[in-house]
Amino acid sequence: MSESTVKDHKTVNLWAIVAIAGLVIVLVLIGIRLLQNDASPVMIGEQPRDFSLSTYTGEVINMTDLRGKVVVVNFWASWCTTCVEESVLLEEAWQYYQTAQPGRVIFLGVAYMDTEPASRAFLDQQGISFPSGPDLRGEISRIYQVNSVPETFILDTEGNLRHLKIGPYASINEIQSAVDATLSFSIEAAQ
Amino acid sequence: MPEPSDDDVNRVASQLYCPICDNVSLDVCPLEACQTWRDLIREQLALGWSEREITDYFVAQYGDRVLGAPPARGLNWVLYLAPPALILLGLIILLSKLRRQPQKQRTTGDLDIDDPYLELVDRDLRKLD
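Residues numbered from 1 in each chain as written. Chains lettered and ligands numbered in written order. Predicted model: local features only at pLDDT ≥ 70, side-chain atom pairs only at ≥ 80, totals over all residues. Heavy atoms only, no water.

1. Quick look at helix α3 (residues 51-62) of chain B
Taking 1.5 Å as the rise per residue, α3 of chain B with 12 residues should run 16 Å; its terminal C-alpha atoms sit 16 Å apart, in good agreement. Three or more residues of α3 of chain B are buried, namely Ile54, Thr55, Tyr57, Phe58, Val59, Gln61 and Tyr62 of chain B. Packed against the buried residues of α3 of chain B are α3 (116-126) of chain A together with α1 (6-13) and α2 (32-46) of chain B. Directly after α3 of chain B, the chain includes glycine 63 of chain B, whose backbone phi takes a positive value near 90 degrees. (Helix = DSSP H or I, 4+ residues; strand = E, 2+ residues; numbered from the N terminus. Expected span 1.5 Å × (residues − 1). Buried < 20%, exposed > 50% of the residue type's maximum accessible area, 1.4 Å probe, protein only. Contact = heavy atoms within 4.5 Å.)

2. Considerations on the pairing of strand β4 (residues 105-111) of chain A
Residue and element names in this part refer to chain A. Buried residues dominate β4, accounting for 7 of its 7 residues. Where burial is concerned, the two faces of β4 agree: the one with Val105, Phe107, Gly109 and Ala111 and the one with Ile106, Leu108 and Val110 are both buried. In this region the chain leaves strand β3 (residues 70-76), passes through helix α2 (residues 81-100) and returns to the parallel neighbour β4; the handedness of that crossover is right-handed. Pairing analysis gives 3 bridges linking β4 to strand β5 (residues 132-134), with the strands arranged parallel. Looking across to β5, one finds that glycine 109 is bridged to serine 132. As a crossover connection, the stretch from β4 through α3 into β5 is right-handed. (Right-handed = clockwise from strand over helix to strand, strands pointing away. Pairing = 2+ DSSP bridges.)

3. Some points on the pattern of salt bridges
The full count for this structure, using the stated rule, is 12 salt bridges over all chains. When the shortest N-O distance is used, the salt bridge between glutamate 116 of chain A and arginine 120 of chain A registers 3.0 Å. Of this pair, glutamate 116 of chain A and arginine 120 of chain A are both found in helix α3, 4 residues apart, which corresponds to roughly one turn of the helix. The shortest N-O distance in the salt bridge between arginine 52 of chain B and aspartate 56 of chain B comes to 3.4 Å. You can see arginine 52 of chain B and its partner aspartate 56 of chain B sitting in helix α3, 4 residues apart, about one turn around the helix. (Salt bridge = Lys/Arg side-chain N within 4 Å of Asp/Glu carboxyl O.)

4. Let's talk about the domain arrangement of chain A
How big an interface is tends to be expressed through the accessible area that disappears when the partners come together. Segmentation of chain A into domains returns domain 1 (1-38) and domain 2 (52-190). Relative to domain 2 of chain A, the C-alpha centre of domain 1 of chain A lies at a distance of 50 Å. (Domains from an automatic or database assignment.)

5. A word on the packing of aromatic side chains
Aromatic ring pairs are defined here through the distance separating the ring centres and the angle between the ring planes. With the rule as written, the count across this model stands at 16 aromatic pairs over all chains. When the ring of phenylalanine 107 of chain A is compared with that of phenylalanine 130 of chain A, the centres are 5.8 Å apart and the planes differ by 55 degrees; the resulting orientation is tilted. Pair noted here: phenylalanine 107 of chain A is in strand β4 and phenylalanine 130 of chain A is in the loop between α3 and β5, with a separation of 23 residues, a long-range link. Just as phenylalanine 107 of chain A is buried, phenylalanine 130 of chain A falls in that class too. Ring centres 5.7 Å apart and planes at 75 degrees place the aromatic pair tryptophan 49 of chain B and tyrosine 57 of chain B in the edge-to-face group. The class for tryptophan 49 of chain B is partly exposed, based on a relative accessible area of 30%. Here the aromatic residues Trp94, Tyr96, Tyr97, Phe107 and Phe130 of chain A are joined through ring pairs into a cluster of three or more. (Phe/Tyr/Trp six-rings, centres within 6.5 Å; stacked < 30°, edge-to-face > 60°.)

6. Some points on the sheet that holds β3 of chain A
All names here are of chain A. With mixed pairing, 5 strands are arranged side by side in an open sheet as β5-β4-β3-β6-β7. Whereas interior strands pair on both sides, the edge strands pair on one side only; in this sheet they are β5 and β7 (161-166). For this sheet the average axis-to-axis angle between neighbouring strands, irrespective of direction, equals 20 degrees. Bridge analysis of β3 against strand β6 (residues 151-155) gives 5 bridges, and the strand direction is antiparallel. Along β6, the bridge assignment pairs valine 71 with leucine 155. (Axes fitted to C-alpha atoms, helices over the stretch in contact; angles between N-to-C directions.)

7. As for the environment of glycine 68 of chain B
Residues and elements named next belong to chain B. If you trace the backbone, glycine 68 turns up in the loop between α3 and α4 (76-114). For glycine 68, a relative accessible area of 58% translates into the label exposed. When the C-alpha positions of glycine 68 and tyrosine 80 are compared, they lie 14 Å apart, and in sequence the two are 12 residues distant. Among all residues touching glycine 68, those that are not within four sequence positions of it are Gln15 and Tyr17.

8. As for the nonpolar core
Of all hydrophobic cores here, the largest spans 70 residues; its most connected members are Phe107 and Tyr144 of chain A together with Ile41 and Phe58 of chain B. Excluding its chain neighbours within four sequence positions, the residues that come into contact with tyrosine 144 of chain A are Val42, Pro48, Phe51, Met63, Val73, Phe75, Phe153 and Leu155 of chain A. (Core = buried A, V, L, I, M, F, W, Y, C linked by side-chain atoms within 4.5 Å.)

Below, the structure is given as structure tokens:
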């Protein structure tokens, strides 16, 4: 075989290596992108990624700062008809725990894919006093894999998911039994 | 600022996708939520916001899902650059293979001349001359 033929073979092999390496890099990057976008749903007992909620009153609430409390995360929207009745129950439950278990339970409202004026109007109309804020860029709903509203997640004092409700709560008793069970679990776990 | 017309609103809305539906642009989305978003676009246009400002606002609120195509930044560049890069690479490999073909034939000719049998025939033919 002549020198030029050997050289040509080497050139082709080099390009083939470059092509394969390029393809592998592209596939890895696409894989990373898919993993970022498609988080698996949070299961009971698992700890969802922490998030920050910028409330409509200008407060910034970090989930990391809420360790030691039972956290009720409720996803709602002003355009969601079943959220209207549920919000009344949640507000009632929030008022109850502020008196019955002061500082041990916190409710967070996350406005899912809503406009700010409509969300504010909804909160005023329903008289919601627990901290609520928008789900900016859909980041919080992505963590919890929320695709519809209302959905509610109750986390124990360690930040692990203990209860989830897809759809609206039917009564205040239903909310209280879920929160109380999470509180009891947290007390038992601490002992 | 004059009141924006439905066409003005729809022109902006057609560039945005409903965040809670699959592949439905905001201008044709029948949901009540989409009507709220169209109202918001109307308010923003009335306040003098540009189309770019409105689009940026929607992205900041609801994420990239409201856009028709992923924005060209970060890892998204791979989506834009990978196809032409792979086509270019394929063309380079193809061209280099094609270029190699005639060279191979010339090389075969050189080898024939070096063949001892052919050299013998060549020498005998010269003797005949």
